[in-house]
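Overview (structure and organization)
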Amino acid sequence: MNGFALAMFFSFMVYLSVAIHVILLDRKSALNRTFFALNTSFAIWSLALAFFISAPDKESVKLWDYVASVGYNSFASFVLHFFLLYTGKTRFLKKWWSYIIIYLPAVAFIANKLAVNADVNDYVMGSHGWQTDINTGSIWFQAGLIHYILYCIISFILCYVKWRKAESIRIRKQAKIIFISGILSFIVGSFSYFAFFIFNHDYPDMTVVGLLIWSVGIIYGIQKYKLLILTPAVAAENILQTIIDSVILINPQGRILHSNAETGRLLGYEEAELADTELDRLFPGGSSHTSSHIISLLKKGPVRNLESDFITKDNQQIPIMLSASVCRDQDDATIGYVIVSKDVTKLRDMENRLKHLAHHDALTNLPNRLLLNDRLSQAIARAKRDHTYFALVMLDLDQFKKVNDVLGHSIGDLLLIEMAKRLTKSVRQSDTAVRLGGDEFVLLIEDLKSPEDYETVTKKILDRITEPCDIEQHKLNMTASMGISIYPTDGSDMENLMKNADIAMYFAKNHGRNRYQLFSTSMSLSAITADQLEDELDKALENNQLMLLYQPVIDLSTGDIIGTEALIRWNHPQYGMIEPAKFIKAAEESGSIIPIGEWVLSTACRQAKKWRDAGYPPAHVSVNLSLRQFQQMNLVEVVLAVLRETGLSPESILLEITESTVLHDMEYTIDVIQRLAQHHVLFVIDDFGAGYSSLLYFRKLPIYAIKLDRFFTSNIADDPECAAIVSAIIAMAHNMKFKVIAEGIEDDRQLASLRSLDQHFFGSPVCDGAQGYLFSKPVSEDMIEKLLEKQKMGRIGQISS
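Keep in mind it's a predicted model, so treat the numbers as computed, not measured.

Regarding the sheet that holds strand β5 (residues 303-311)
Overall, antiparallel pairing links the 5 strands, which are arranged β4-β3-β7-β6-β5 in an open sheet. Edge positions in the open sheet fall to β4 (256-259) and β5, since each of these has one partner strand only. For this sheet, the mean inter-axis angle between neighbouring strands, taken without regard to orientation, is 30°. Contacts from helix α14 (residues 345-359) reach β5, β6 (317-328) and β7 (334-343), with the element oriented near 130° to β6.

Remarks on the side chain of Thr646
Considering the arrangement of structural elements, one finds Thr646 in helix α24 (residues 635-646). For Thr646, a relative accessible area of 13% puts it in the buried group. Discounting chain neighbours no more than four positions away, the residues touching Thr646 are Ser602, Cys605, Arg606 and Lys609.

A short note on unusual backbone geometry
In this model, Tyr487 is joined to Pro488 through a cis peptide bond whose omega is 0°. Position of Pro488 among the secondary structure elements: in the loop between β13 (480-487) and α19 (494-510). For His387, which is not glycine, the phi dihedral falls at a positive 60°. The residue His387 is located in the loop between α15 (369-386) and β8 (389-397) in this model.

Points about the packing of aromatic side chains
Summed over the entire model, instances satisfying the criterion amount to 28 aromatic pairs. Between the aromatic rings of Tyr550 and Trp611, the centroid separation amounts to 5.3 Å while the plane-to-plane angle is 70°, which identifies the pairing as edge-to-face. Taken together, the residues Tyr550 in strand β15 (residues 546-554) and Trp611 in helix α22 (residues 593-613) connect sequence positions 61 residues apart. Residue classification places Trp611 among the buried positions, given a relative accessible area of 7%. Ring geometry for Trp570 against Phe583: centres 5.5 Å apart, planes inclined by 80°, an arrangement best described as edge-to-face. Here Phe583 lies in helix α21 (residues 580-590) and Trp570 lies in strand β16 (residues 561-572), a separation of 13 residues in the sequence. Phe583 carries the same exposure label as Trp570, and that label is buried. Geometry around Tyr86 places Lys162 over its ring, the cationic atom sitting 5.2 Å from the centre. The ring of Trp163 carries the charged tip of Arg164 above its face, separated from the ring centre by 5.0 Å.

A short note on the nonpolar core
Ranked by size, the top nonpolar core spans 82 residues in total, and within it Phe630, Ile653, Leu655, Leu676, Phe683, Val726 and Leu754 carry the most contacts. Each residue touching Leu655, except ones within four places of it in the same chain, is listed here: Leu601, Val623, Leu625, Val639, Leu676, Val681, Leu682, Phe683 and Val684. Residues Phe75, Phe78, Phe83 and Trp163 belong to the second largest nonpolar core, which totals 53 residues.

Section: the confidence of the model for the protein
Of all residues in the protein, 90% attain a pLDDT of 70 or more, and the chain-wide mean is 82. Note that pLDDT drops below 50 for residues 229-235; the model gives that stretch 12 contacts with residues more than four away or on any other chain.

Re helix α29 (residues 748-755)
Working note: α-helix, 3.6 residues per turn, so residues spaced by three or four point in the same direction. Looking only at α29, the buried set comprises Gln750, Leu751, Ser753 and Leu754. Seen along its axis, α29 keeps its buried residues to an arc of 165°; they face one direction. Where α29 begins, the side chain of Asp747 points an oxygen toward the backbone nitrogen of Arg749, at a separation of 3.1 Å.

About the criteria used
Residues numbered from 1 in each chain as written. Predicted model: local features only at pLDDT ≥ 70, side-chain atom pairs only at ≥ 80, totals over all residues. Heavy atoms only, no water. Pairing = 2+ DSSP bridges. Helix = DSSP H or I, 4+ residues; strand = E, 2+ residues; numbered from the N terminus. Axes fitted to C-alpha atoms, helices over the stretch in contact; angles between N-to-C directions. Contact = heavy atoms within 4.5 Å. Buried < 20%, exposed > 50% of the residue type's maximum accessible area, 1.4 Å probe, protein only. Phe/Tyr/Trp six-rings, centres within 6.5 Å; stacked < 30°, edge-to-face > 60°. Lys NZ or Arg CZ within 6 Å of the ring centre and 35° of its normal. Core = buried A, V, L, I, M, F, W, Y, C linked by side-chain atoms within 4.5 Å. pLDDT = per-residue confidence, 0-100. Arc of directions from axis to C-beta. Polar contact = N/O pair within 3.5 Å; in protein donor to acceptor, adjacent residues only side chain to side chain.

This is the structure:
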């Protein structure tokens, strides 16, 4: 090969490399594929010319000229196609006849070349290799020249318009590079082409080499301004319409540029109705989440999971969860915003049902203990402000157990429902009737002018309860024992009022029943005992009076132990074994909960390490943290120090905190949990469902599992709605990658109901674990070791009480 042929071959290598490089960047892009075809035509042209120039005879020359014609007759069509795609003229390309206009001339010229070769007089050998004696008078030659010039001019006009009118700086720079390099390539190539046969120079046609300028310019645009590697507009639109959430694109001024189909379905608008309108029209009047507010938030960073509402076309309000991000160009200039919104109507409804269930008794629909606590706190605040009194009445049905034993639980439940109705009718609308559980009720009688005013209401209640009940053809005559504490004479806080009313109620029950009894200080022996216990708490650790019991957590599918919960007990020398409910509150108030909590954590970790070293099957050990413990400033350091001292791997310990602890200070909670999660310490939300029960609160937290509150397991066998809600909670938790543990399983009916959730609710999962007296009461570490040993030896499949 001579120098000209080598130049052609070098051009072939460049074009081929550019084509392969671009198609590898994004094979799905129509723009990339067209550019690949264009460079391939240049490559064919260049390679054929290289062999044309250095061919051994005229027959070979003619063959290579035919091959070259495929490249040089088609490249103008590819150029026009490329510029139509690049400048966004996709609507034209959607017409089937557009491809006839673009590619039919190239097909005709190639066919003529192969059949007639009318634009060539002859092939002659020059001083630098073979050359073509062009028939300039041929109509095919003249048509080909017009085709080349016309298609290139149209392409450059399209590119120039895009350059001058593009809003983005990056797009303008792209178009400028493509336009200038294309014009230079056109000029150089045209000069080479016309000079070849006008001035009759004795050198080959070098047009294809001159066109390298444009390809090099495109490659520079790819590397500098990310040209061709973005997902094309058509594909992006398909993706946008596939998203099941509302997606809205707005400009920097807050006007809607585009919205997807889900937005129209959600709000009832056609896309054209929303285009170029203010985003504010979608928010309720006076809402703080308008476009200006969202844009101001975006200046501080991306907006994630902002709760708001949309207004539909027919003026309906829809709750949404909104996220937004800023769109920037290559020069970091803001070009708009993307807002993604999810319809959370069903989730809100589910939360409202969960909230109602969490605060109301499933059987009687009366408020439960949680709602009582809230109402009682408000009553104390009002009475303190208005200098009034209120009565707290603790009521227990006499001999109710006999009704269940003789007539059955179904009759007992109907009796409780009837009593709840009577209590509700016996008090004013401003008062509160509560069911604590079983046959225990509480009445909150507010706005008493004097302490003695309670008697009118309590007599009325007692008379109403003693009226005969007709339940399923059974005539029942019930009585009740009531204890009353008065604010503020019998207590100034919730704890003392409840405690003293309970003392008075048991006094009434022990002195004849069917009566009410006002609290007096002579009945406060238990309160004095509680104070004494608080004084002795500091000595409990020092005197080794505290101990840990462990309650197994069972895998429902295998019956194996998958964990244990460490539960503290106080082995008091005078009062015997004291349950934590009796002294934890006192420990928190006195501050001794901090050293006690550290002792519990250290003891549980040391025991877990001992079980691991003995080769027992891996199982988590759970440790409960109270609110006071969780809020200690050095909690993270304390936990990590205990793990280092005991040598226990962090994955083996579960720290249990309640919903109320999480929500007490969300920012602090997130910080503590995330810091410990970095060291692989796992967290469990205990008593889930006892509070506001919103899984959304926990979406930012690396939670390992949630424990269903005992309320759900105690009612799951008898209440289909409760079972449905449990199923929904499990499904939502599993979708958020949380495990679910049911606690308080006390009988086979509850266990069977829990296991049958996937049968009653199609596709519903079941719990990952369960614990309760049905499997095992809290036992010593020695008993746990025996159970683990049996499991290790394969002789355990189901632990029972």
